[in-house]
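Chains, contacts and geometry: an overview
Chain residues, written in single-letter form:
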Amino acid sequence: MQKSKFFIFDCSNAANCCDKKEYNEANVREKTSIIIHNLFCKKCRDYSAKNSKLTQLIKKARIKGCTSEEKRNIKERLKQEISKQKSSSN
Ligand SMILES: [Zn+2]
């Protein structure tokens, strides 16, 4: 984790902001930081890509009448899947 400090904030922070961005809760500074971080960090770039895909899925699910709680549950589950993939690729 130490070398990630070089990029504005560390990877866990980037993931956090990335989630906020998907929910449109991130401010301009956070959004910019994610973009810059992702330029240098492949891990988070992948995470962002997966997150965007996930958001698309959620949007589709919402059309079918998914509640925001269900939406968060789906997201949590996929997050676990992603972190499993992350740890296995290390
Ligand atoms: Zn990162």
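Residues numbered from 1 in each chain as written. Predicted model: local features only at pLDDT ≥ 70, side-chain atom pairs only at ≥ 80, totals over all residues.

By the naming in an unreviewed UniProt entry, the protein chain goes by Glycine dehydrogenase and is assigned to Salegentibacter flavus.

**A closer look at the environment of Lys75**
Mapped onto the elements, Lys75 comes out in helix H4 (residues 68-89). When the C-alpha positions of Lys75 and Asn51 are compared, they lie 8.7 Å apart, and in sequence the two are 24 residues distant. (Helix = DSSP H or I, 4+ residues; strand = E, 2+ residues; numbered from the N terminus.)

**Some remarks on the packing of helix H1 (residues 11-22) against helix H2 (residues 28-40)**
Here H1 crosses H2 at 125°, and the two axes come no closer than 9 Å. When the axes of H1 and H2 are compared, the pair comes out oblique. The two elements H1 and H2 meet at a crossing, and its hand is left-handed. Mapping the contact onto sequence places Ala14, Cys17, Cys18, Lys20 and Lys21 in H1 and Glu30, Lys31, Ser33, Ile34 and His37 in H2. Partitioned by chemical class, the residues of the contact of H1 with H2 number 4 nonpolar, 2 polar and 4 charged. (Axes fitted to C-alpha atoms, helices over the stretch in contact; angles between N-to-C directions. Parallel < 35°, antiparallel > 145°, perpendicular 65-115°, else oblique. Left-handed = near helix turned anticlockwise from the far one by under 90°. Contact = placed C-beta atoms within 7 Å. Nonpolar A, V, L, I, M, F, W, Y, C, P; charged D, E, K, R; others polar.)

**A word on the nonpolar core**
Counting 7 residues, the largest nonpolar core consists of Ala14, Ala15, Cys17, Cys18, Ile34, Cys44 and Tyr47. Taken together, the elements giving at least two residues each to this core come down to H1 and helix H3 (42-63). Tallying contributions element by element places H1 first for this core, with 4 residues. Non-local contacts of Cys44, meaning those with residues more than four positions away in its chain, are made with Cys11, Ala14, Ala15, His37 and Asn38. (Core = buried A, V, L, I, M, F, W, Y, C linked by C-beta atoms within 7 Å. Buried ≥ 20, exposed ≤ 12 C-beta atoms within 10 Å, placed from the backbone.)

**A short note on H1**
Taking 1.5 Å per residue, 12 residues should reach 16 Å; H1 reaches 16 Å between its end C-alpha atoms and fits that length. Within H1, the full set of buried residues consists of Ala14, Ala15, Cys17, Cys18 and Lys21. The arc enclosing the buried residues of H1, seen along the axis, measures out at 165°, which places them on a common side. Just past H1, the residue Asn24 takes up positive phi, approximately 60°. (Expected span 1.5 Å × (residues − 1). Arc of directions from axis to C-beta.)

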